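Chain by chain, the residues run as shown.
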Amino acid sequence: MKSLDEQDHYEVLEVQPGAGYEDIERAYRLTRAAYGDGAMGLYSVFSNEDAAVIRGRIDEAYRV
C-alpha cells in the first residue's frame, strides 16, 4: 500500500480518475467523516497530529 504522500488525489479520496463531481463529493464526505475528530476507530490508530495531516490531505485532494 502506498503511503499518504505517494497517493494521488484520486487515491486519497478513493475514487477512480475521471470520477464525476457527485462521486468526488460523496467520497470526500465519507473519507472526511472517517478521519474526523470524533471518528471512533481513529484514536487508536493515529495520533492527533497524524490525523490532522490526513484531514489536510483529504481537503487538498477535494479542492483540486
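Above this text you will find the structure in question.
Quantities reported herein were computed from a predicted structural model and do not represent experimental measurements.

S.K.: How should the overall build of the protein chain be read in this particular structure?
M.R.: Along the backbone of the protein chain there are three helices and zero strands. Secondary structure elements in the protein chain, listed N-terminal to C-terminal, are α-α-α. The globule rule puts the C-alpha radius of gyration for 64 residues at 11 Å, and the 12 Å found for the protein chain is close to it. Burial status across the protein chain gives 27% buried among its 64 residues. Within the protein chain, residue pairs in contact and separated by at least 24 positions form 48% of the contacts whose partners lie at least 6 positions apart.

S.K.: Would you mind showing me how to read the packing of helix α2 (residues 21-34) against helix α3 (residues 48-63) here?
M.R.: Packed helices, taken two at a time, are described by their axes: the angle between them and the distance between them. Relative orientation of the contacting elements α2 and α3 amounts to 170°, with a least axis distance of 10 Å. Classified by the angle between their axes, α2 and α3 sit roughly antiparallel to one another. The segment α2 lies against α3, with Tyr 21, Ile 24, Glu 25, Tyr 28, Thr 31 and Arg 32 engaging Arg 55, Ile 58, Asp 59 and Tyr 62. Grouping the constituent residues of the contact of α2 with α3 by class yields five nonpolar, one polar and four charged.

S.K.: I keep staring at the layout of surface pockets and nothing clicks. Help me out?
M.R.: If a probe the size of a water molecule is rolled over the atoms, the empty space left behind becomes visible. Roughly 310 Å³ of volume is contained in the largest pocket. What lines the largest pocket is a set of 15 residues, and nearest its centre among them are Met 1, Leu 4, Gln 7, Glu 14 and Tyr 35. When residues of the lining of the largest pocket are traced back to their parent elements, those giving at least two are α1 (9-13) and α3. The class makeup of the residues in the lining of the largest pocket is eight nonpolar, three polar and four charged.

S.K.: Can you walk me through unusual backbone geometry in this structure?
M.R.: Note: most residues except glycine have negative phi, and most peptide bonds are trans. Its identity is not glycine, yet Glu 14 carries a phi of approximately 60°, on the positive side. Tracing the backbone shows Glu 14 in the loop between α1 and α2. Since its relative accessible area comes to 66%, Glu 14 is described here as exposed.

S.K.: Explain α2 here, please?
M.R.: The periodicity of an α-helix, 3.6 residues per turn, causes residues three or four positions apart to be oriented the same way. Taking 1.5 Å per residue, 14 residues should reach 20 Å; α2 reaches 20 Å between its end C-alpha atoms and fits that length. Within α2, the full set of buried residues consists of Ala 27, Tyr 28 and Thr 31. Viewed along the axis of α2, the buried residues span an arc of 105°, placing them on a single side of the element. Exposed positions of α2 whose direction lies more than 90 degrees from the buried face are Glu 22, Leu 30 and Ala 33. In this fold, the buried residues of α2 make contact with α1 and α3.

Each value, and the rule that gives it
The numbering scheme is per chain: residues are counted from 1 as the chain's sequence reads. Local features in this predicted model are restricted to residues of pLDDT 70 or higher, and side-chain atom pairs are both shown and tallied only at a pLDDT of 80 or more, whereas totals for entire chains, interfaces and linings draw on every residue. With hydrogens and water stripped out, all remaining heavy atoms of the structure feed into the side-chain values. A run of H or I in DSSP becomes a helix once it reaches four residues, and a run of E becomes a strand once it reaches two; helices and strands are each numbered from the N terminus. Values of the radius of gyration come from C-alpha atoms, whereas the globule rule sets the reference at 2.2 Å times the count of residues to the power 0.38. For every residue, the accessible area (1.4 Å probe, protein chains only) is compared with the maximum for its type, and the residue is labelled buried under 20%, exposed over 50%, or partly exposed between those bounds. Contacts were defined at the residue level, with two residues in contact if any of their heavy atoms lie within 4.5 Å. For helices, the fitted line uses only the C-alpha atoms of the stretch in contact; every axis is such a line through C-alpha atoms, and the angle between N-to-C directions lies from 0 to 180 degrees. For classification purposes, an angle smaller than 35 degrees is called roughly parallel, one larger than 145 roughly antiparallel, one from 65 to 115 roughly perpendicular, and anything else oblique. Note on residue classes: Ala, Val, Leu, Ile, Met, Phe, Trp, Tyr, Cys and Pro are nonpolar, Asp, Glu, Lys and Arg are charged, and everything else, Gly too, is polar. With a 1 Å grid laid over protein atoms only, a set of points is called a cavity when a 1.4 Å probe fits there but cannot get out and a pocket when it is open yet has protein on both sides within 12 Å along at least five of seven lines; lining residues have an atom within 4 Å of a point. Grid points are joined across faces, edges and corners, and a volume is the space filled by probe spheres set on the points. A helix is expected to reach a length of 1.5 Å times the quantity of its residues less one. It is the directions from the helix axis to the C-beta atoms that the arc portrays.

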